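Reading the structure
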Amino acid sequence: MTRVGVIVFPGSNCEYDALCAMEQLGAHAELIFHSATSLGDVDAVILPGGFAHGDYLRPGALARFSPVMSAVSDFAAAGGPVLGICNGFQVLTEAGLLPGALQKNRGLTFLCQSTTLIVSSTRSVLTRAAQVGQELVVPINHFSGAYTCDDATYDSLVVHDQIVLRYRDNPNGSRDDIAGVANETGNVVGLMPHPERAMATLLGSADGRVLLEGFVGLGATTR
Amino acid sequence: MSSTPEPLHRALGLTDSELDDIRRVLGREPNPLELALYGVMWSEHCSYKSSRIHLKRLPSKGAHVLVGPGEGAGVIDAGDGIGVAIRIESHNHPSAIEPYQGAATGVGGILRDVFSMGARPLAVMDPLFFGTLDDARNRWLVEGVVAGISGYGNSVGVPTIGGELTFDQCYGANPLVNVLAVGALPTSRLALAVASGLGNYAVLLGSSTGRDGIGGVSVLASAGFSGEDGAASLDDAKRPSVQVGDPYEEKRLIEACLELLDLGLVVGIQDLGGAGLICATSETAAKGGVGMDVDVTAVALREVGMQPYEIMTSESQERMLAIITPENLGAVTAVCDKWEIRANVVGHVVEPTTMSDGTTVGMLRVRNGFDGEILAEVPASSLADEAPLYDRPRERPSDLDAVHADDPTEDEPVGDANADLLDLLVDPAWVYRQYDSQLFLNTVVGPGRDAALLRLAGPGLPASQRGFAVSTDSNPRWCALDPRQGTALTLAEGVANLACVGARAKAVVNCLNFGNPEHPEVMWQLSESVDGLAMACEALAVPVIGGNVSLYNESGGRDIDPTPVLGLLGVVDSLVSPPPGWNWREGDTVVLVGHRRAAGAHPFPLAGSRWATMRGRRGGRLAMFEASLLVSTFDFITDEVASICAGVTSDVTAVHDVSGGGLAGALAEMAAVTGLGVNVSRLEGHGELFSAFPGRFVVATAHAEAFVARASAAGVPVTILGNVGGTHVRLGALIDVAVHRIGARRSGALEEALELS
């Protein structure tokens, strides 16, 4: 059984939701507090949504200094699957594990709404079970979700097929409709939408399963 | 403390006769610190001194009620070992002055009420009332309040699942910002705000204490805005009484407190809200019948030079008071260290004092060091429970007969019904898109529908297939015309909203927003409203398990319309499928369920309807609250939808309550969200289109014959209205509008009015 560690920073709030989603998919999930210096025996890591350290300074800016983050960096460098959702994505960009940055939404308000994502690449631990061009209904829930990067970084993202998800109808002003990106090797992925919130038709959509099943399925194997 | 020549007690909001009461309690002159303590604890906001004699008339009992009014929150037994806690409050005056922080700290305060019961907060709702949006200051208030709720609520990690948005000129200088919170707990974790165990410690958890919010309850919440131009003239003077919120501190405080309760490390726990530390210490001591020594030097301070009265009455946010045994101090400190929150022992539970007549009294002593000088010494219960009760004069407004006689049902001409329909509809999505409404994976029906419906699940709860539904309802136009009938009808409206999502009403909490209680007309409105609520609660078998009273909502001498806001909590026993919502389908038959015509003088009363209000007609007579007509209809709809939620296949495809926008408004909303038109041929004029009285539902069915048969068997009247289909909403001879026009107008109306688009 895949063992997934869900990192909890003070101020995180989607850790329970990530845990529930993993367990629904048959994985074993455990919470790892930010003060931990080791990840223990996990096959995959999720940085969940929320407001780590209150988003003080800017989202993710303080969380990158939490003790657990050096263990996460080592895990990622060794090829371990790492997924950052929403605030977790912001943390990964601040920590330098993913390129680019997230800035305030175009309309300067928080947005909680359904979006339709288009899978742009399957070369990542999150999208490998999906099809390129597949449309997935997954909600967003953020104030600072507009993806941005300089031109050189953007060109590199395109060249290395690192843009994994795009919005069909860009809600927040993200560059090139980007909703999620991976690192060059595809084992670290961040996205602003919440696939763990799209696990059941009772709650509006089950399309998030396509993404998270791929993520969990990968955990037991090595890349 | 004050450089004005007026006596100290008056500057603190106490009357001369209240000063005499204090002298009698103490048997001596109070010192200035003691006066300050009474000033906040005997404020209208803390003591309910003008309303308590009326609130006693509300029914609060029920076999499923675990905790009724008087605690941090009411709690019901929802089954499966799960208790559901609910509470509603106002943060009106702070929000009028500083909308972002006023609204934000309103959210923070209500959450502490809920988790002080041991419940994890799972949902927030925000009923909001503002002046009309043609005024720039009102637009500023709307944006600020919504941003404050969004900024605090999202960050603190509790979904905001709905609310209400009302605009009326009477709220111009005095907006209403109410907030309701729901939490859930394993019933074994239920915690109460009581101090017991001699030698136990009172530990102040959370934020440091500053000068923010001093006098919030007495200066701000218990007086009106007297300036001729309303709140604006008092902005600067009163702004220091508004507290500042920190959702990150609150989030860690929630996690720490729930962990302390889970580990059984706490004897009693209470939040620090209005009146701060003096309120929490005196109330817990009074409930436990014990004394408490409070050391002001043990309180962690945010600024230097704070006086004891400031430390005791500060309303600094994100603080809790836990009563613990001394041997658990180490374990408590360890949990607090983990969550990076402060924990300081600021009080000791001590024996009650034996008086000269042999009775024992739990004394609240404020000390300079636990062994140091006694700065204040008063009976804890005199602060917490023994404020004077006032039966203030009541008088029916002298103009009410004239208001009733000015009835739009009788003489308001029909005009352009198409244009009126377009003007009626406002989609509040601009507001609720700014709220995280989905956290915890529970939200089955989110904001913008009849009621919110959530799975009853969350961290640490026993497994359950149940769901809970919440709705907030108010109708100040109804209540201005007739506070008794209006409040009763408002409760009916709330129960109807719950029925639309298949939930049976289990409890109600009320937030009674009224004007100045020193005006006899306002006290008459309050008393009538309480009687109407009591009557309707009895008739619909829903107990009142908590509430809040907000008085002095006035500006420039004009009181707001009576605005009782009711928060309803319902339970769905099995929630495995979503309720039908408004999703009717091409070819469905559209049926009106419930009595087509109102009980009372007029079959289609327009008094108090949104249509009449829009045309400047604020008079007339309401429909009567007829319990027997309502109960069978509510039960039928609840059963129909609950069976769909339980996974049973049904011919019913859509259910919507007919409310303020009338039948035309309900049908147009359903058309707007589905993009499908509707054709209704027979209608009795514009009265039937726009009349607003509860107890009626629009249902769409794929099999009309079967549906009508079930309704007949249940003894519920139904009227077949027409069919779903086409590109237009066609209602009788009066309305013919394209669905896309309705949709565009409805979704853009709010942003346009706010001048954002």
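Above this text sits the structure in question.
Residues numbered from 1 in each chain as written. Chains lettered and ligands numbered in written order. Predicted model: local features only at pLDDT ≥ 70, side-chain atom pairs only at ≥ 80, totals over all residues. Heavy atoms only, no water.

1. Concerning the overall build of chain A
This is how it is decided: Secondary structure elements follow DSSP: runs of H or I of four or more residues count as helices, runs of E of two or more count as strands, with numbering from the N terminus. Radius of gyration means the value over C-alpha atoms here, while the globule rule gives 2.2 Å times the residue count to the 0.38 power. Each residue gets one of three labels from its accessible area relative to the maximum for its type: buried under 20%, exposed over 50%, partly exposed in between, using a 1.4 Å probe on protein chains only. A contact between two residues is defined here by any heavy atoms of the two lying within 4.5 Å. Residue exposure ignores everything except the shown protein chains as possible cover, and the areas themselves are Shrake-Rupley values with a 1.4 Å probe. Under the counting rule used here, the positive set is Lys and Arg, the negative set is Asp and Glu, and His together with the chain ends is not counted. Where a charge lies is defined by one atom per residue type, namely NZ (Lys), CZ (Arg), CG (Asp) and CD (Glu).
When helices and strands are counted, chain A shows five helices and eleven strands. Relative to the compact-globule value of 17 Å for 223 residues, chain A shows a C-alpha radius of gyration of 15 Å, a close match. With the principal axes as the frame, chain A shows a C-alpha extent of 40 × 35 × 35 Å. A buried classification covers 61% of the 223 residues belonging to chain A. Residue pairs in contact within chain A that sit at least 24 positions apart in sequence constitute 74% of those at least 6 positions apart. In the structure as shown, chain A presents an accessible area of about 7900 Å², 50% of it carried by carbon and sulfur atoms. Separation between the mean location of the 13 positive side-chain charges and that of the 21 negative ones in chain A comes to 2 Å.

2. Quick notes on the packing of aromatic side chains
Going by this rule: Note on ring pairs: Phe, Tyr and Trp rings are taken, using the six-membered ring of Trp, and paired if centres are within 6.5 Å. Classes follow the plane angle, with under 30 degrees stacked, over 60 edge-to-face and the rest tilted. In this scheme, Lys NZ or Arg CZ marks a charge over a ring once it lies within 6 Å of the ring centre and within 35 degrees of the ring normal.
Counting across every chain of the model gives ten aromatic pairs over all chains. Each ring, one from Phe89(A) and one from Tyr147(A), has its centre 6.1 Å from the other, and the planes form 10°; the classification is stacked. One end of the pair, Phe89(A), is in helix H3 (residues 87-94); the other, Tyr147(A), is in strand E8 (residues 146-148), with 58 residues separating them in the sequence. Each member of the pair, Phe89(A) as well as Tyr147(A), is classed as buried. Geometry around Tyr248(B) places Arg252(B) over its ring, the cationic atom sitting 4.1 Å from the centre. Between the NZ or CZ atom of Arg696(B) and the centre of the ring of Phe693(B), over which it lies, the distance is 3.7 Å.

3. Quick look at the pattern of salt bridges
Oppositely charged side chains can form a pair if their charged atoms are brought close together. Residue and element names in this part refer to chain B. To be explicit about the condition: Here, a salt bridge means any Lys or Arg side-chain nitrogen found within 4 Å of an Asp or Glu carboxyl oxygen.
By the definition in use, this model includes 53 salt bridges over all chains. The partner of Arg211 in a salt bridge is Glu303, with the nearest N and O atoms 3.1 Å apart. Linking Arg211 in the loop between strand E7 (201-206) and helix H9 (216-220) with Glu303 in the loop between strand E9 (291-295) and helix H13 (308-313), this pair joins segments that are 92 residues apart in sequence. Classification of Arg211 by relative accessible area gives partly exposed; the value is 30%.

4. So, the pairing of strand E10 (residues 178-182) of chain A
All names here are of chain A. What counts is decided by this rule: One bridge is not enough; two strands pair if DSSP finds at least two bridges between them.
Of all the five residues making up E10, five are buried; the element is thus mostly covered by neighbouring parts of the structure. One ladder, built from three bridges, connects strand E9 (residues 163-167) with E10; its direction is antiparallel. Its bridge partner lying in E10, Ile163 is registered against Val181. With three bridges connecting them, E10 and strand E11 (residues 188-191) associate as antiparallel partners. In the strand pairing of E11, Gly180 is matched with Leu191. The turn linking E10 back onto E11 is made up of five residues, and Gly186 within it adopts a positive phi angle of 80°.

5. Topic: the environment of Pro459(B)
Along the chain, Pro459(B) turns up in the loop between strand E17 (452-455) and strand E18 (467-473). For the pair Pro459(B) and Leu122(B), spaced 337 residues apart in the sequence, the C-alpha separation amounts to 9.8 Å. Each residue touching Pro459(B), except ones within four places of it in the same chain, is listed here: Tyr16(A), Arg120(B) and Phe440(B).

6. Brief notes about the interface of chain B and chain A
Under the convention used in this document: In this description, buried area is defined as the sum, over both parts, of the accessible area (probe of 1.4 Å) that is lost when the two are combined.
Facing the 31 residues of chain B at the interface are 25 residues of chain A. Buried area between chain B and chain A, both sides added, is near 2400 Å², and the carbon and sulfur share of it is 63%. Its largest share of buried area at the contact with chain A, chain B owes to Tyr248(B), Arg433(B) and Leu441(B), together 28% of the area lost on that side. In this structure, the connection of chain B to chain A is made through one salt bridge.

7. Regarding the environment of Ile374(B)
All names here are of chain B. Structurally, Ile374 can be placed in strand E15 (residues 374-379). Here Ile374 falls in the partly exposed class, since its relative accessible area comes to 39%. Along the primary structure Ile374 and Thr487 are separated by 113 residues, whereas in three dimensions their C-alpha atoms are 49 Å apart. If we ignore the near neighbours within four places in the chain, the residues touching Ile374 are Arg365, Val366 and Arg367.

8. Remarks on the sheet that holds E15(B)
Two strands in a sheet stick together by hydrogen bonds in their backbones, pointing the same way (parallel) or opposite ways (antiparallel). Residue and element names in this part refer to chain B. Counted only if it meets this: Interaxial angles span 0 to 180 degrees and are taken between N-to-C directions of axes, which are lines fitted to C-alpha atoms, for helices over the stretch in contact.
Pairing in this open sheet of seven strands is mixed, and the strands run E8-E10-E7-E11-E9-E14-E15 from one edge to the other. The outermost strands of the open sheet, each flanked by one partner alone, are strand E8 (268-271) and E15. Averaged over all pairs of adjacent strands, the angle between strand axes in this sheet comes to 20°, irrespective of strand direction. Bridge count between E7 and strand E10 (residues 319-324): six bridges; the pairing is antiparallel. Among the inter-strand pairings, Gly206 is bridged to a residue of E10, identified as Arg319. Set on the sheet, helix H11 (residues 247-262) makes contact with E7, E8 and E10; between it and E7 the angle comes to about 145°.

9. Considerations on the side chain of Ser205(A)
Residue and element names in this part refer to chain A. Counted only if it meets this: Here a polar contact is recorded for every N or O atom pair within 3.5 Å, except that within protein the pair must consist of a potential hydrogen donor and a potential acceptor, and residues adjacent in sequence are included only if both atoms are side-chain atoms.
As for its position among the elements, Ser205 is in the loop between E11 and helix H5 (208-219). With relative accessibility at 8%, the residue Ser205 sits in the buried group. Polar contacts involving the side chain of Ser205 include one to the main-chain carbonyl oxygen of Val137, which spans 2.7 Å. The contacts of Ser205, once residues within four sequence positions are left out, are Val137, Ala198, Met199 and Ala200.

10. Points about the pairing of strand E11 (residues 342-350) of chain B
Residues in a regular strand point their side chains to alternate faces of the sheet. All names here are of chain B. Across six bridges, the pairing between E7 and E11 is antiparallel. Its bridge partner being in E11, Gly206 is matched across the sheet by Arg342. Across four bridges, the pairing between E9 and E11 is antiparallel. Within the sheet, the bridge partner assigned to Asp293 lies in E11 and is His348.

11. Notes on the sheet that holds strand E27 (residues 697-701) of chain B
All names here are of chain B. Strand order in the open sheet made by the seven strands is E25-E27-E24-E28-E26-E29-E30, with mixed pairing throughout. This sheet does not close on itself; its edge strands, each paired only once, are strand E25 (652-657) and strand E30 (735-738). Strand-to-strand, the axes of this sheet are offset by a mean angle of 20°, without reference to chain direction. Bridge count between strand E24 (residues 589-593) and strand E28 (residues 718-724): five bridges; the pairing is antiparallel. Bridged to Thr589 within E28 is Asn723. Its contacts with the sheet put helix H28 (residues 739-753) on strand E29 (728-731) and E30, and the angle it makes with E30 is roughly 75°.

12. Brief notes about unusual backbone geometry
Residues and elements named next belong to chain B. Even without being glycine, Asp80 reaches a positive phi, approximately 60°. For Asp80, the location among the structural elements is in the loop between strand E2 (74-79) and strand E3 (82-90). Even without a glycine there, the phi angle at Glu318 is positive, about 60°. Along the polypeptide, Glu318 turns up in the loop between H13 and E10. Classification of Glu318 as buried rests on a relative accessible area of 2%.

13. Digging into the nonpolar core
So the rule is basically this: Here, nonpolar core means buried Ala, Val, Leu, Ile, Met, Phe, Trp, Tyr and Cys residues that are tied together by side-chain atoms lying within 4.5 Å of each other.
Leu39(A) and Leu47(A) are the most contacted members of the largest nonpolar core, which has 67 residues in total. At six residues, helix H2 (residues 68-77) of chain A tops the list of elements feeding residues into this core. Contact partners of Leu47(A), with chain neighbours within four places excluded, come to Ile7(A), Phe9(A), Met69(A), Val72(A), Val82(A), Leu83(A), Gly84(A), Ile85(A), Gly88(A), Val91(A) and Leu92(A). Grouped together as the second largest cluster of nonpolar side chains are 62 residues, Ala451(B), Ala503(B), Ala536(B) and Val591(B) included.

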